[in-house]
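# Structure at a glance
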Amino acid sequence: MHWSEEIAQRIIARNPNKNEYVCAAGISPSGSVHIGNFRDVATSLMVVKALQKQGKRAKLLFSWDEFDRCRKIPANVQAKVGSDYDKYIGCPYVDIPDPWGCHENYAKHFEEEFLNAMKQFGIELDCRYQGEMYRSGAYREDILESLRKRGEIFEVLDSFKTKDLSKSEEERRAEHDAEKAAYSPVSIFCPVCHTDFTTVTSLSEDCTEADYVCRCGHKGHFNFLTDTNCKLGWKVDWAMRWRHEGVDFEPGGKDHAAPTGSYSNSKVISREIFGFEPPLFQGYEFIGIKGMTGKMSSSSGLNLTPETLLKLYQPEIILWLYSKTDPTKAFDFCFDDGILRQYFEFDKMLTDSREGRASEAVEDILYNCRIEGREVETVPMSLLVQLGSIVNFNVPMLETVFEKIGTPYKAEQFADRLDRAKFWLEQCAPDQVNRLRSTRNWEIYEGMTEQEKETIRLLHAYIAKGGYTLDELNAELYAIPKAVYGTEMTDKELKGLQGTFFRNVYKLLIDKEKGPRLYLFLYAIEPEKYVGLLDFSYPQTDAEKAADAPAEEAVEKTVEEVREADPVQPVKPEVTIEDFEKLDLRVCKILKAETVRKSHSCLKLTLSDGLGERVIMSSIKESYSPEELIGKKIIVIANLKPNRICNINSQGMLLAATNNACGCKVIFVDDAVPEGTAIH
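Report follows, based on the coordinates. No experiment lies behind these values; they were computed from the predicted model shown. Counting starts from 1 at the beginning of each chain's written sequence and moves along it residue by residue. At least 70 in pLDDT is required for a residue's local features to be given in this predicted model, at least 80 for side-chain atom pairs to be given and counted, and no such filter applies to totals for whole chains, interfaces and linings, which use all residues. Each side-chain value is worked out from all heavy atoms of the structure, with water and hydrogens disregarded.

### Observations regarding the packing of helix H2 (residues 38-53) against helix H12 (residues 315-324)
Lines fitted to C-alpha atoms define the axes here, with helix axes fitted over just the stretch in contact, and angles between the N-to-C directions of these axes take values from 0 to 180 degrees. Only DSSP runs of H or I with at least four residues qualify as helices, and only runs of E with at least two residues qualify as strands; both kinds are numbered from the N terminus onward. Packing of H2 against H12 brings their axes to within 10 Å, and their N-to-C directions diverge by 75°. As far as their axial angle goes, H12 and H2 are roughly perpendicular. Contact residues: Phe38, Arg39, Ala42, Leu45 and Met46 in H2; Ile318, Leu319, Tyr322 and Ser323 in H12. Only Asp, Glu, Lys and Arg are considered charged in this grouping, and only Ala, Val, Leu, Ile, Met, Phe, Trp, Tyr, Cys and Pro are considered nonpolar; every other residue, Gly among them, is considered polar. Tallied by class, residues from the contact of H2 with H12 come to seven nonpolar, one polar and one charged. Relative orientations are named as follows: roughly parallel for angles under 35 degrees, roughly antiparallel for angles over 145 degrees, roughly perpendicular for angles from 65 to 115 degrees, and oblique for any other angle. Contacts: residue pairs with any heavy atoms within 4.5 Å of one another.

Here is the structure:
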């Protein structure tokens, strides 16, 4: 039985005749809502589905705790506004301006960000906005009840506190009585500074009126019968809302489930103060991130939102990860190649279900992952990653490749995954991008044994001859080492030689020791694009020698304070507009800038050109450090014939001005210009 169905049965057993069950979740919009908070929503969502599956009416009630006080300004907000927002600490989120100015307040900005992502999951949320609830007077009677029972509430909360055993019983009692006399379950927001740094100085006998003083110096009078700018403390507020909404189930992080955690406090308050049996509670483990550092949290700025994850994962797979994992167990979202294994496992489950082979447990997991109006196509994510980078994610070419390898997927079948494959490859695993070399790799070839060279010669001859099928090519790749080394060897020895052969081929073609499955790779790509890289029957050319030559030692120059400008050169011969249009000048963004061990003058720049990534080598090392280049936008000649520099395939040239007066100055482009924009 699925974990959600077990919870649903317990809910029904507690109140079998209820007309509609309420499963709650809630988030404070302190910043971008991270994927760890989403477990609140996913857990309740799946319990709602389990209740409905058993023929019961149920709804997912979602509370925006926007009336919570601001405790800390998140890193991404600080980056936008600096320390200016520190003045809003202590204010409710609904009273803080939107830092970006696009919503009516701070809370609405992050609420809309999250709700837009929820639409992609097909999740219907019955939202409660706590700023509206409090200020409408909806909780007025609950607040008055809490004030009248403030002594009892204090005793409940105090019972969960750790006692200071260094003090005598008499000292602890005196401290307890003083705190109890000063305790108020309600915080009043100051009308002057809008914070809750207020202290109630007196309360009327019927608890309807209070005098208070604020840290800012303001003194005021508050009438709980007419004024609404106040809020119950969290543990009281939570219990009060359970009763107000008739909540049957609510999950929460494992910290809430601790013996002294919020739920432990609130469930006693619910029973003893509000006379309401607290909802069934399910504590859950936190979510991990594999392949990325930094603790997820809204306040730290190292948060990972559902919107961000949807650039990597289809919504069904995110739901699947939550569905297949018991709430008490952790799981990881993967930024490394673990994501490819997750896609594979999901596809296998889905295929088994569609073909009638899935177990009941698998069907229960998948029940929670289906989104109305969407149909998942199980095009292998690993193939999209491997083959997509080879054809630069060109859709028609990718269709041709799939046709050639016997899996004729069409664009509409892989469209939902293709951008996610590209995003993962470029943002999370750029080292796995596969690009063919432009010249033969003589350094690798000359380091081979004569027998290893013979395997390459045989492969070149086979590819050049052509006329083979995919299966025949696969068989030939395993047969070549046998033909060269003979059959008098153990299976282990043969596998080792075959592995060496495969690694040599990868290194000659893509400068790596591994890549896409070799027979698919060689069959999918047009042979004329790579067969020459396997042909070492003629000597190394001058161009290849120049590309592979180590960089010369840079000559040290004495930098003078004032340098004379170079003479202005005459204008070069005229060209036509047709000549100019042959140049593909485009805006590129610098993703990475690295020094190169063999070069004293060049930096290796990894660029985004609007279509994908490219690498260029540029002799600007003396003028710029890598750190000051990352994130800048430049102009690149994108269709310049590639050149090997320090054994690196340089795919273009950036535009820069060089003059004795100023040295080398790269031409930077305004950050507002999108990557890939053509220069006319």
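Read on, since the account is not over.
### A look at helix H16 (residues 395-404)
Type-normalised accessible area, obtained with a 1.4 Å probe on protein chains alone, sets the label of each residue: buried when under 20%, exposed when over 50%, and partly exposed for intermediate values. Those residues of H16 lying buried are Leu398, Val401 and Phe402. The buried residues of H16 occupy an angular sector of 95° when projected down its axis, which confines them to one face. Residues of H16 that are buried make contact with helix H15 (381-390), helix H17 (411-427) and helix H22 (518-524). Measuring from the backbone nitrogen of Met397 back to the side-chain oxygen at the start of H16 gives 3.0 Å, which picks out Asn394 as the cap. The arc under discussion is defined with respect to the helix axis, by the directions toward the C-beta atoms. Residues adjacent in sequence count toward polar contacts only when both atoms are side-chain atoms; beyond that, a polar contact is any pair of N or O atoms within 3.5 Å, and within protein one must be able to donate a hydrogen and the other to accept it.

### Here's the deal with the side chain of Arg417
By the element assignment, Arg417 lies in helix H17. Residue Arg417 is classed as buried on the basis of its relative accessible area, which comes to 1%. Excluding its chain neighbours within four sequence positions, the residues that come into contact with Arg417 are Gln314, Ile317, Tyr343, Phe346, Asp347, Val376, Glu377, Thr378, Val379, Met381 and Leu384.

### Some words on a negative patch on the surface
Patch building starts from residues that exceed 30% relative accessible area and form no salt bridge, then joins like charges within 9 Å and nonpolar side chains (Val, Leu, Ile, Met, Phe, Trp, Tyr) within 5 Å. In these tables, accessible area is a Shrake-Rupley quantity obtained with a 1.4 Å probe, and a residue counts as shielded only by the protein chains included in the view. Counted as salt bridges are all cases of a side-chain nitrogen of Lys or Arg within 4 Å of a carboxyl oxygen of Asp or Glu. Under this rule, positive means Lys or Arg and negative means Asp or Glu; His and the chain ends count for nothing. We put the charge of a Lys on NZ, of an Arg on CZ, of an Asp on CG and of a Glu on CD. On the surface, Glu205, Asp206, Glu209 and Asp211 cluster together into a patch of negative charge. Inspection of the secondary structure assignment puts Asp206 in the loop between strand E5 (198-203) and strand E6 (209-214).

### Quick notes on the nonpolar core
Note that soluble globular proteins tend to have their nonpolar side chains buried in a common cluster. In these notes, a set of buried Ala, Val, Leu, Ile, Met, Phe, Trp, Tyr and Cys residues joined through side-chain atoms within 4.5 Å is what counts as a nonpolar core. Ranked by internal contacts, the top residues of the largest apolar core, which has 114 residues, are Phe38, Tyr313, Tyr322 and Phe333. The leading source of residues in this core is H2, at nine residues. By size, the runner-up hydrophobic cluster in this structure holds 50 residues, among which are Tyr139, Leu157, Cys230 and Phe276.

### A short note on the environment of Ser136
Here Ser136 shows up in the loop between helix H5 (130-135) and helix H6 (140-148). With 93 residues separating them along the chain, Ser136 and Asn229 place their C-alpha atoms 9.7 Å apart.

### Observations concerning the pattern of salt bridges
Think of it this way: side chains of opposite charge can pair up when their charged atoms draw near. Throughout the structure, instances matching the rule amount to 44 salt bridges. A salt bridge links Lys18 to Asp248; its shortest N-O distance comes to 2.6 Å. Taken together, the residues span a long stretch of sequence, with Lys18 in the loop between helix H1 (3-14) and strand E1 (21-27) and Asp248 in the loop between helix H9 (234-245) and strand E9 (249-253) at a distance of 230 residues. A salt bridge links Arg374 to Glu316; the nearest nitrogen and oxygen atoms lie 2.6 Å apart. In this pair, Arg374 is assigned in the loop between helix H14 (360-367) and H15 and Glu316 in helix H12, connecting sequence segments 58 residues apart. Accessibility expressed as a relative area gives 3% for Glu316, which makes it buried.

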